[in-house]
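Here is how the chains run, residue by residue.
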Amino acid sequence: MAGYQLKIVLENTHPPVWRRVVIPDKITFSQLHQIIQLLFGWNDGHLHEFRIPSADVCIDNEKRGGARYHYQEDKTLVDWLIEDYSWIRYTYDFGDDWRHKIICEKVEEEFEDR
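Residues numbered from 1 in each chain as written. Predicted model: local features only at pLDDT ≥ 70, side-chain atom pairs only at ≥ 80, totals over all residues. Heavy atoms only, no water.

Q: Even after reading the chapter, I still don't get the nonpolar core, so can you show me in this structure?
A: General note: in soluble globular proteins, nonpolar side chains tend to be found buried as a group. Membership of the largest hydrophobic core comes to 23 residues, with the highest contact counts inside it found for Leu6, Ile23, Leu32, Phe50 and Ile102. Elements with a contribution of two residues or more to this core: strand S1 (3–10), strand S2 (17–24), helix H1 (29–40), strand S3 (48–52), strand S4 (57–60), helix H2 (79–84) and strand S6 (88–92). With residues up to four places along the chain from it excluded, the contact list for Phe50 reads Phe29, Leu32, His33, Ile36, Val57, Cys58, Ile59, Glu73, Ile88, Arg89, Tyr90 and Ile102. (Core = buried A, V, L, I, M, F, W, Y, C linked by side-chain atoms within 4.5 Å. Buried < 20%, exposed > 50% of the residue type's maximum accessible area, 1.4 Å probe, protein only. Helix = DSSP H or I, 4+ residues; strand = E, 2+ residues; numbered from the N terminus. Contact = heavy atoms within 4.5 Å.)

Q: Which parts of the structure should I look at to understand the pattern of salt bridges?
A: Side chains carrying opposite charge are able to pair once their charged atoms draw close together. All chains considered together, the criterion is met by six salt bridges. Close ionic contact of Arg99 with Asp97 constitutes a salt bridge, the shortest N to O distance being 3.1 Å. (Salt bridge = Lys/Arg side-chain N within 4 Å of Asp/Glu carboxyl O.)

Q: What's the story with the environment of Ile102 in this structure? I'm lost.
A: Structurally, the position occupied by Ile102 is in strand S7 (residues 98–108). In sequence terms Ile102 and Phe50 are 52 residues apart; their C-alpha atoms lie 9.6 Å from each other. Excluding its chain neighbours within four sequence positions, the residues that come into contact with Ile102 are Leu6, Lys7, Ile8, Leu32, Ile36, Phe50, Ser86, Trp87, Ile88 and Tyr90.

Q: Would you mind showing me how to read the packing of aromatic side chains here?
A: Remark: the centre distance and the inter-plane angle together describe each pair of aromatic rings, the angle taken between the planes. Taken as a whole, this structure holds five aromatic pairs when the rule is applied. Relative to Trp98, the ring of Trp42 has its centre 5.3 Å away and its plane inclined at 40 degrees; by these criteria the two rings are tilted. Residue Trp42 is found in the loop between H1 and S3, and its partner Trp98 is found in strand S7; the two are separated by 56 residues along the sequence. Taking the relative accessible area as the measure of exposure, Trp98 reaches 31% and is therefore partly exposed. (Phe/Tyr/Trp six-rings, centres within 6.5 Å; stacked < 30°, edge-to-face > 60°.)

Q: It is not clear to me how the environment of Arg51 should be interpreted in this structure. Could you clarify?
A: Inspection of the secondary structure puts Arg51 in strand S3. By relative accessible area, Arg51 is classed as partly exposed at 23%. Spatially, the C-alpha atoms of Arg51 and Arg89 are 5.1 Å apart, while their sequence positions differ by 38 residues. A polar atom in the side chain of Arg51 sits 2.8 Å from the side chain of Glu49. (Polar contact = N/O pair within 3.5 Å; in protein donor to acceptor, adjacent residues only side chain to side chain.)

Q: What is the right way to look at H1 in this model?
A: Owing to its 3.6 residues per turn, the α-helix brings residues three or four apart onto one side. Counted at 1.5 Å a residue, the expected span for H1 with its 12 residues is 16 Å, and the 16 Å between its end C-alpha atoms agrees. All of the buried residues along H1 are Phe29, Leu32, His33, Ile36, Gln37 and Phe40. Viewed along the axis of H1, the buried residues span an arc of 145 degrees, placing them on a single side of the element. Remark: Gly41 follows H1 within two positions and exhibits a positive phi of approximately 75 degrees. (Expected span 1.5 Å × (residues − 1). Arc of directions from axis to C-beta.)

Q: What's the story with the sheet that holds S7 in this structure? I'm lost.
A: Within a sheet, neighbouring strands are paired by backbone hydrogen bonds and run either parallel or antiparallel to one another. If you walk across this open sheet you meet the seven strands as S2-S1-S7-S6-S3-S4-S5, and the pairing is mixed. Since the sheet does not close on itself, it has two edges, and those belong to S2 and strand S5 (69–72), each with one partner. Within this sheet the neighbouring strands show an average axis-to-axis angle of 25 degrees, counted without direction. H1 rests against S1, S2, S3, S4, S6 and S7 of the sheet, and its axis sits at about 140 degrees to S2. (Pairing = 2+ DSSP bridges. Axes fitted to C-alpha atoms, helices over the stretch in contact; angles between N-to-C directions.)

Q: Looking at this structure, how should I read unusual backbone geometry?
A: Of all residues except glycine, most have a negative phi; of all peptide bonds, most are trans. Of the consecutive residues His14 and Pro15, the connecting peptide bond is found in the cis state with omega at 0 degrees. Relative to the helices and strands, Pro15 resides in the loop between S1 and S2. Despite not being glycine, Asp56 has its phi angle at roughly 55 degrees, a positive value. In this fold, Asp56 is placed in the loop between S3 and S4. Of note in this structure, Asp93 is not a glycine but carries a positive phi near 65 degrees.

Without other data, these values stay purely geometric and don't point to any function.
Structure representation (structure tokens):
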């Protein structure tokens, strides 16, 4: 069982605001959303989405268009996207537009905790 060490940076903040976390493999983007909510102290009261701008990919639970590839976050595992792209953007609260850059720093092959 593997895990991913992620650095999640809240963009456009000075000084930088970021969190580092190790997550298990085989979780959905919906579960990653809940982890980010806890890490940053958000209350899950606003819409959100994950995007990979370089590949025009959107992952959320809405039926909005706007991306070439659209996936449901409660059915999509983080594994292939985290391993295949250098970073993923998570946006929370489209009014305040809190943008987070998610970077996979390393894969923990011996990660055992779920």
